[in-house]
Amino acid sequence: MKKRAPVSIHIAVTFGLLIMAFEMFAGDSDYLSSPLFWALILIVTILLLIMNSIEDLVENENFKKLSEKEKQLFLQDKSTGYFKKLWNSAFKKQSPSEETDILIDHGFDGITELDNALPRWWIGLFYFGIIFCAVYMTAFAFTDYAHPDAELNAETKIQLASINEYEKNTPAIDLQTAKYNADYITEGEHLFKTNCVSCHSEGGRGGIGPNLTDNYWINIKEKTVFRNVFWMLENGSPNNPAMRPFIKEGTITGKDAEKIAAYIHHINQEKAPISEAVGGAAPQGEPAKWEQISSAE
């Protein structure tokens, strides 16, 4: 009679295949917490147990039809554990009498060939590889599974959603709570290019708006460059309606203003000014006596 793998092996393999299928075809990775997934696992397990019971009945009926010698051989084989059989099929050496039974009737120069069966574990891995490749290629062709761009977009959406949730629950940043952070300079440069470069030009050299890299300022409202820029972004310029109150209008957030102010502080206080000789706008306003940024700023 045909040898059968234990039902526990069938359940484990089926569970693994279901995990693989959900990993490739499910829209997200939260399926393990879904009641539907575990209901499917339960249904499949029950069906496998029912199938195993039916196979037991068929096996018992076929066993009755065997001769006494065949029954003894079958019971002897069945008494050997499944994993021990796998081990024996891979590593156990045949006895001389067993080699005689599987000896192929041809050879050369004293070299003979045995008709050994392939180990079950090897056959199992072979078929698993075929199934995995078929499922993987189907998932790759018809879903977003294993596509780096799709995975990046999904992760980006999750991160942006978490940032939005964080900002909703975080008090808005104003002039009193704004703090300088050198880590914001790079982001501040991008925000500056988006919102400010049309008037103040690349690098803050000035154009329609004044030069932000020199020490001459039209509006001096605070004691540091950082807080002065934040004040301007929050309230706009009293002298020029083109310099709008970006924060109050909702064009940028207080967090964005912090980053822009950090960038302008950087180009004004930590880099050489862009003078008229190298393409900067002429000084406007009066010299400012800025205080240094304190650690508490």
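Residues numbered from 1 in each chain as written. Predicted model: local features only at pLDDT ≥ 70, side-chain atom pairs only at ≥ 80, totals over all residues. Heavy atoms only, no water.

Enquirer: Explain a nonpolar patch on the surface to me, and be specific about the residues and the numbers.
Expert: Together, Leu118, Trp121, Trp122, Ile123, Leu125, Phe126, Tyr127 and Ile130 line one region of the surface with nonpolar side chains, adding up to about 810 Å² of accessible area. Structurally, Ile130 can be placed in helix α6 (residues 120-142). Residue classification places Ile130 among the partly exposed residues on the basis of a relative accessible area of 45%. (Patch = residues over 30% accessible without salt bridge, like charges linked within 9 Å, V, L, I, M, F, W, Y side chains within 5 Å. Areas by Shrake-Rupley, 256 points an atom, 1.4 Å probe, with all protein chains shown as cover. Salt bridge = Lys/Arg side-chain N within 4 Å of Asp/Glu carboxyl O. Helix = DSSP H or I, 4+ residues; strand = E, 2+ residues; numbered from the N terminus. Buried < 20%, exposed > 50% of the residue type's maximum accessible area, 1.4 Å probe, protein only.)

Enquirer: How would you explain the pairing of strand β2 (residues 111-114) if you had to name every residue and give the values?
Expert: Pairing analysis gives four bridges linking strand β1 (residues 103-108) to β2, with the strands arranged antiparallel. In the strand pairing of β2, Phe108 is matched with Ile111. (Pairing = 2+ DSSP bridges.)

Enquirer: Talk me through the nonpolar core; I want residue IDs and the actual numbers.
Expert: Of all hydrophobic cores here, the largest spans 31 residues; its most connected members are Trp217, Leu233, Ile260 and Ile264. Of all elements in the fold, only α8 (185-195), α10 (225-235), α11 (246-249) and α12 (254-269) reach the threshold of two or more residues within this core. Grouped together as the second largest cluster of nonpolar side chains are six residues, Leu18, Ile41, Val44 and Leu48 included. (Core = buried A, V, L, I, M, F, W, Y, C linked by side-chain atoms within 4.5 Å.)

Enquirer: Please set out the pattern of salt bridges residue by residue, giving values where relevant.
Expert: When the charged atoms of two side chains with opposite charge come close together, those side chains can pair. For the structure shown, the criterion picks out eight salt bridges. Note that Glu68 is salt-bridged to Lys71, the shortest N-O span being 3.9 Å. Note that Glu68 and Lys71 are positioned in helix α3 (residues 68-79) at a spacing of three residues, about one turn of the helix. Overall, Lys71 belongs to the buried group, its relative accessible area being 18%. In this structure, Glu189 engages Lys193 in a salt bridge whose closest nitrogen and oxygen atoms are separated by 3.8 Å. Of this pair, Glu189 and Lys193 are both found in helix α8, four residues apart, which corresponds to roughly one turn of the helix. Counted as one network, the salt bridges with shared partners bring together Glu189, Lys193 and Glu202.

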